[in-house]
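# Residue-level structure breakdown
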Amino acid sequence: MQTQAVVRTALVAVYNIAYTFDKPFSYIIPEELYETAVCGVRVIIPFGRGGRKRAGLIIGVTEAVPDRKLKSVISVVDSEPVINDEMMEMIFWLKENTFCTYYDAVKTILPSGMNIRINEKYELSEGIVYSSLTSEELNLVCFLKNASGGREFDELIESSGDPQKAATVNSLIEKGVIRTVSQANRKINDRFIKMIKLSEYYIKNPTLFRLTPKQQQVVKLLGENESASVKEICYICSVTTAVIKNLIKNRIAEEYSVPDLRLPGEDDYEPDALQQLTLSDEQRAVYSRVSEAVEGDTPACFLLHGVTGSGKTSVFVKLIEHTLSLGKQAMLLIPEIALTPQIVLSFRRYFGSIVSVIHSNLSLSQRLDEYKRISSGLSKIVIGTRSAVFAPLENIGIIIMDEEGERSYKSDSAPRYSTASVARERCRKHSSVLLLGSATPSIESYYYAQKGVYELLTLTERYNKTELPHVEIIDMGEERSKGNTTEFSEVLVNEINANLQAKEQTILLLNRRGYHTFVTCSGCNTPLQCENCSVPYTYHKANNSLVCHYCGNIAPPPKTCPVCGSTVFKQMGFGTQKMEEQLAELFPSARILRMDADTTFSRYAYEKNFKDFSEGKYDIMVGTQMIGKGLDFPNVTLVGILAIDKSLFSGDFRSYERTFSLITQVAGRSGRGGKCGRAYLQTFMPDHYVLNLAAKQDYKGFYDEEIALRKTLIFPPLCDVCVIGVSSVSDPAAAAAAAAVLGIIKDIIASEKISFPLRVLGPAQSGIAKINGKYRYRLILKCKNNRDTREFIRRVLLKTAEYREFSNISIYADMNGEII
């Protein structure tokens, strides 16, 4: 019996396949690809019965005797690995902890500009045996051979709608006359700069060459600077590219290419800025403790609880400076894109061009450039939103998460990861420090700090001993009883007037976009609802349209009610557009800036608008929660908080926490420049304990109330919550699938007699039953996030693949996700 030979095999994570089918697939590596088909590179492979070409990532290489017939890798896409060892482990960690596919993990780690798409084309093979062809096949081959180019070739081979021609083409493919060629193209290709330098031959033998005056100029420039780009040479020496080409042709100069990476921020650098930064006694104590841990070689996690305006950012700057002095790298994560302009400007002033920025408002090419700057070591500091946690830093000394309790740090799409969890994992790998900072830490983080899992550090005073703003609660019910039907209390109007006269600035928070928040029929009281979602439209006066804030659908206001035919509608509610309009009527001379999702479409809108406000070009800034946290405007002395009551009842167990945090944070924007600050909180529930604690800025009091409530109801941090979500274009199908998931859970529990704690709630419709045309159901699992629980949830998800009737239904699991 003949023994099989040992072959080199690649374990490939195939792109874009379902979670229930996701696993490493084995492919033989041809000998000619031994050097390039290594772990961490992307490859093209045949997949499925039809052998359709797919992209995949090699996640392992083995040498063994195959136990079955295997297909071979077709080609290698990358010249070197795009995933290093740490990020390869991160891919496995994400799959294990977030119930995602390998592909989901890879596309999250790599910048979108590196994504590839496969183009398949046909071409004639060499050495065609014409005698084996039929007359139809021979006729088509002759036409193909004489095709003038690729487009004509494709037109000739196109056979849709012509069964006879399709049969001829398929026959030629089977006979090997026509072959398929697959090519992977990147979304964004690398950009290079053409550089010129003197050749070694010229440097050793300069007397052998006779140079024209213009060539002499170029040679002198290259001799003084070693190299220069073609554009620089043409500009400085006032020559054309023909002069450079002749130098290359005559072996006097050589051309080479370097990556074209934009190096932003060099003009902002102020070398003495760091020396001018001084810390208070409290700040120095925090700095000393964390810097001591940065110098060590064991992972550590700190929670920095500092009141608004306590100077947490100054501590961050000093810690990053110390980290760099140790030869290590640093990462600063921020929750909102809106915060990046101010943060990045200050950090580039301190550190110059070694700062890189990563967030979704950058173009694909900008994100790719930043990724390459980081991976090449040109950047030592990374600042960014959630996705920046995967930046390819190789020697992390510290990761800082500012405003760590923000909801935006949790991903709502696969992989559904928590940024803090990923940061902890990276700090464990690098033996580095994780510093979580906030004026309003998440209940979970503060609980872990109380338990000693994190080390708690505090900043109890504002920098330079300035007072926290005075916060006053305004009873809007009382305002209504006095005949005031506007959204502005008499006190707030008077205070805005006083600020305008004092030439001080005001911030007004209204966490609702649009003009009217909903429109209702006067005849039947039915609200105009989005056809794709189970939520009412919001009226936008700017474009006279009804807009859905969930799916983005836009519709013109109807002339008649679709239910009863009435032509009379009531416009109700109050959004930022209407507030801007009413403020302009109340204060005609005021310069008003509106900041919400409708005014920040432009890539540079945040930067420009906040810069203008900081420079005093506006008197009043109105906006949604994007203006509520992390911003520092010294001339802001007044904050108004409007219509906040609804956020207390959003249907999520974290609604009290988020409302308290938003009020405390936005009030803290006031009085940061040495002047006394004040804030006014308008509400119809002036006695609500959450609002009163927020007005006092009493985080500890709020924490004690909230943790007692969660202990009673058994919610995080006393347990973990895993949401199993089901969505479908059909409501009955989604309901049936959710019921089937519950049945699977019961069957596994009964058959395996699981011993870990588990409580299952549901299935039930989600708080918003339909979004973007899909009906949504959920099951809530109260559990402990450990290996046994995750394996149980994974078995439940894989078991759903046995139900063929649910093949078009989305079923996913989200550990510690939103339950609304």
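So, here is what we can say about the structure in this document. (Residues numbered from 1 in each chain as written. Predicted model: local features only at pLDDT ≥ 70, side-chain atom pairs only at ≥ 80, totals over all residues. Heavy atoms only, no water.)

### Some words on helix α14 (residues 419-430)
When the terminal C-alpha atoms of α14 are compared, their 16 Å separation across twelve residues agrees well with the 16 Å that a helix rising 1.5 Å per residue should span. By the burial criterion, the buried members of α14 are Thr 419, Ala 420, Val 422, Ala 423, Glu 425, Arg 426, Cys 427 and His 430. Taken together, the buried residues of α14 touch α1 (85-98), β12 (329-333), β15 (396-402) and β16 (433-438). Where α14 terminates, the next one or two residues include Ser 431, which has phi positive at roughly 50°. (Helix = DSSP H or I, 4+ residues; strand = E, 2+ residues; numbered from the N terminus. Expected span 1.5 Å × (residues − 1). Buried < 20%, exposed > 50% of the residue type's maximum accessible area, 1.4 Å probe, protein only. Contact = heavy atoms within 4.5 Å.)

### Some points on the environment of Ala 37
With respect to the secondary-structure elements, Ala 37 resides in the loop between β2 (25-28) and β3 (42-47). As for Ala 37 and Val 61, which are separated by 24 residues in sequence, their C-alpha atoms are 8.7 Å apart.

### Some remarks on the environment of Ala 423
Among the secondary structure elements, Ala 423 is positioned in helix α14. We classify Ala 423 as buried; its relative accessible area is 0%. Setting aside residues up to four positions removed in sequence, Ala 423 forms contacts with Val 389, Ile 399 and Leu 434.

### Looking at the nonpolar core
Core analysis: the largest hydrophobic core is formed by 121 residues, its most contacted members being Leu 94 and Val 290. If we skip the residues at most four places from it in the chain, Leu 94 touches Phe 99, Cys 100, Ala 105, Ile 109, Phe 390, Pro 415, Tyr 417 and Val 422. Ile 744, Cys 783, Ile 809 and Ala 813 belong to the second largest nonpolar core, which has 28 residues in total. (Core = buried A, V, L, I, M, F, W, Y, C linked by side-chain atoms within 4.5 Å.)

### Some thoughts on the sheet that holds strand β26 (residues 620-623)
One open sheet accounts for six strands, arranged β18-β28-β27-β19-β26-β25; its pairing is parallel. Bordering the open sheet on either side are β18 (470-475) and β25 (592-595), each of which pairs with just one other strand. On average, each strand axis in the sheet is inclined to that of its neighbour by 15°, with strand direction left out of account. The pairing of strand β19 (residues 505-510) with strand β27 (residues 636-642) spans six bridges and is classified as parallel. Bridging across to β27, Ile 507 finds its partner in Val 639. Along the sheet face, helix α19 (residues 605-614) touches β19, β25, β26 and β27 and points at about 150° away from the line of β25. Against the sheet, helix α20 (residues 655-667) engages β18, β19, β27 and β28 (678-683), with an angle of about 155° to β27. (Pairing = 2+ DSSP bridges. Axes fitted to C-alpha atoms, helices over the stretch in contact; angles between N-to-C directions.)

### Regarding unusual backbone geometry
Geometrically, the link from Ala 414 to Pro 415 is a cis peptide bond, its omega value of -5° lying close to zero. Summarising the element assignment, Pro 415 is placed in the loop between β15 and α14. Cis geometry is adopted by the peptide bond preceding Pro 717, which originates at Pro 716 and carries an omega value of 10°. Checked against the element boundaries, Pro 717 lands in the loop between α22 (699-713) and β29 (720-728). Even without a glycine there, the phi angle at Asn 16 is positive, about 65°. Within the secondary structure layout, Asn 16 lies in the loop between β1 (7-14) and β2.

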